[in-house]
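What follows is the residue order along each chain.
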Amino acid sequence: MKRIALIMDGWKRFFTYAWPAGILQRVRETNEEINLYIFNSSGDWSWDTDYNTGEYNIYKLPDFNDFDGIIMDLNNIRYPEVADEIAKIVRNTKKPAISISNKLPGFYYVGIDNRKSMTTIMEHLYHTRLPSILVHYGT
């Protein structure tokens, strides 16, 4: 049985439910024998540094060398040094690892780059709608 670790933070987001649900759905579709271990903190809930430090200590509990693969969503971690430390620990395991939403050196990346879409939308607004708005408001 393969063991996959999912590292994530912040119960304030829908993704906190969606990531595990999507991963488990794919596991069922492939009939792979995989156990998913979720390491989630609520370190983004508070501005209290001591509280957040306690929450982020969950990432120090596992030995990530014991896993066959690691999925990381470090996007919501309040302190960059915590995310950097997790990435360093995972990188040192030399295990296959995926970073969701953050391009990190040495990791596979899953995410969306909306730059092209946003540029296209802004160009459209500028060339079609914006001039009429400017004329309407007298600028």
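Above this note sits the structure.
Note that this is a predicted model, so its numbers are computed, not measured.

Moving on, we get to unusual backbone geometry. With the exception of glycine, the majority of residues adopt a negative phi angle, and the majority of peptide bonds are in the trans configuration. A positive phi is found at Asn31, a non-glycine position, where the angle reads about 60°. Looking at the secondary structure, you find Asn31 in the loop between α1 (15-30) and β2 (34-41). Looking at Asn31, the relative accessible area reads 67%, which means it is exposed.

The next point concerns the pairing of strand β3 (residues 69-72). Along β3, one buried face is formed by Gly69 and Ile71 and the opposite face, lined by Ile70 and Met72, is buried too. One ladder, built from four bridges, connects strand β1 (residues 2-9) with β3; its direction is parallel. For Ala5, the partnering residue across the bridge sits in β3 and is Ile70. Pairing analysis gives three bridges linking β3 to strand β4 (residues 97-100), with the strands arranged parallel. The partner of Ile70 across the bridge, within β4, is Ala97. In the classification by handedness, the crossover that spans β3, the intervening helix α3 (residues 80-93) and the parallel β4 is right-handed.

So, on to the nonpolar core. Ile7, Ile70, Met72, Leu74, Ile77, Ile86 and Val90 are the most contacted members of the largest nonpolar core, which has 19 residues in total. Counting residues per element, the ones that place at least two in this core are β1, β3 and α3. Top contributing element to this core by residue count: α3, with five residues. Setting aside anything within four residues of it in sequence, one finds Val90 in contact with Ile7, Ile70, Met72, Ala97 and Phe107.

What follows concerns the packing of aromatic side chains. Applying the stated criterion across every chain, the model contains six aromatic pairs. When the ring of Tyr56 is compared with that of Tyr59, the centres are 6.1 Å apart and the planes differ by 20°; the resulting orientation is stacked. Cluster of aromatic residues (ring-pair linked, three or more members): Tyr37, Phe39, Phe64 and Phe67. If you follow Arg3 out to its NZ or CZ, it ends over the ring of Tyr37, 4.6 Å from the centre.

Moving on to the side chain of Ser99. Its location among the elements puts Ser99 in strand β4. Of the polar contacts made by the side chain of Ser99, one reaches the backbone oxygen of Asn102; its length is 2.5 Å.

This part is about the pattern of salt bridges. Per the stated rule, a full pass over the model turns up one salt bridge. Ionic pairing is found between Glu29 and Arg26, a salt bridge with its closest N-O pair at 3.2 Å. With Glu29 and Arg26 both in helix α1, this residue pair falls three residues apart, about one helical turn.

Pairing in this open sheet of five strands is parallel, and the strands run β2-β1-β3-β4-β5 from one edge to the other. Of all the strands in the sheet, the pair left with one neighbour each is β2 and β5 (108-110). If you compare each strand with its neighbour and ignore which way they point, the axes differ by 20° on average. The sheet contacts of α3 involve β1, β3 and β4, and relative to β3 the element is tilted by about 160°.

About the thresholds
- Residues numbered from 1 in each chain as written.
- Predicted model: local features only at pLDDT ≥ 70, side-chain atom pairs only at ≥ 80, totals over all residues.
- Heavy atoms only, no water.
- Helix = DSSP H or I, 4+ residues; strand = E, 2+ residues; numbered from the N terminus.
- Buried < 20%, exposed > 50% of the residue type's maximum accessible area, 1.4 Å probe, protein only.
- Pairing = 2+ DSSP bridges.
- Right-handed = clockwise from strand over helix to strand, strands pointing away.
- Core = buried A, V, L, I, M, F, W, Y, C linked by side-chain atoms within 4.5 Å.
- Contact = heavy atoms within 4.5 Å.
- Phe/Tyr/Trp six-rings, centres within 6.5 Å; stacked < 30°, edge-to-face > 60°.
- Lys NZ or Arg CZ within 6 Å of the ring centre and 35° of its normal.
- Polar contact = N/O pair within 3.5 Å; in protein donor to acceptor, adjacent residues only side chain to side chain.
- Salt bridge = Lys/Arg side-chain N within 4 Å of Asp/Glu carboxyl O.
- Axes fitted to C-alpha atoms, helices over the stretch in contact; angles between N-to-C directions.

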